[in-house]
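# Descriptive analysis of the structure
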Amino acid sequence: MKSFYGFFIVLIFILNSCKTRSSATIPDKNIKDVVNSPNVVLVDVRVAEQYEEGSAKNAINIPLAELSENTQSLKGKKVVVFCNKGIQADQAMEILKKEGIEVYDGTTWKNVKAIQDEKPSKNTNLD
C-alpha cells in the first residue's frame, strides 16, 4: 500500500512538471505579435505537396519527418510552426523545444495567414 502512494505521488509530480513546461512556452495572446515580428521564421511542417498548394507568407517548408535533421539552421531564432490541423505543429514544437529553440505554435497555416492578413486592416482602423 505504501508503494502505491509513493508511485501515485511520483506520477502526479511527473504529470504536473510536463504540464508546466508546455503551457509556459507560448502565451497565446502573443502569437499575433510573434507571427508579425520581422525576425521570426515561419515553418510549415506539412509535406511539400501541401505546402505548394498554399501557405503563409514568407513561410519555409520543413516537413515534420525532416525537422530533426534541420534544427541547426533554426537555433537562435524565433520560430513559429504550423500545419493543417495543428497536430504536426505540436509534434514539431516538442522536437524544437528539445533542441532549445524558441518555438511558438501557429496551429494551422490558415491561422498564421489570417494573422498576417489581419495586420494591415488593424493599422487602417487605427489611423
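Heads up: these notes are all about the structure in this document. (Residues numbered from 1 in each chain as written. Predicted model: local features only at pLDDT ≥ 70, side-chain atom pairs only at ≥ 80, totals over all residues. Heavy atoms only, no water.)

### Considering the pattern of salt bridges
A full pass over the atoms with the stated rule returns six salt bridges. E99 is the partner of K75 in a salt bridge, and the nearest nitrogen-oxygen pair spans 3.4 Å. Here E99 lies in the loop between α5 (87-98) and β4 (102-108) and K75 lies in the loop between α4 (64-67) and β3 (78-83), a separation of 24 residues in the sequence. Taking relative accessible area as the criterion, K75 reaches 35% and is therefore assigned partly exposed. Across the pair K97 and E94 runs a salt bridge, and its minimum N-O distance is 3.0 Å. One end of the pair, K97, and the other, E94, are both in helix α5, three residues apart, so they sit about a helical turn from each other. A relative accessible area of 38% means that E94 is categorised as partly exposed. One network of salt bridges, with partners in common, ties together K57, K113 and D117. (Salt bridge = Lys/Arg side-chain N within 4 Å of Asp/Glu carboxyl O. Helix = DSSP H or I, 4+ residues; strand = E, 2+ residues; numbered from the N terminus. Buried < 20%, exposed > 50% of the residue type's maximum accessible area, 1.4 Å probe, protein only.)

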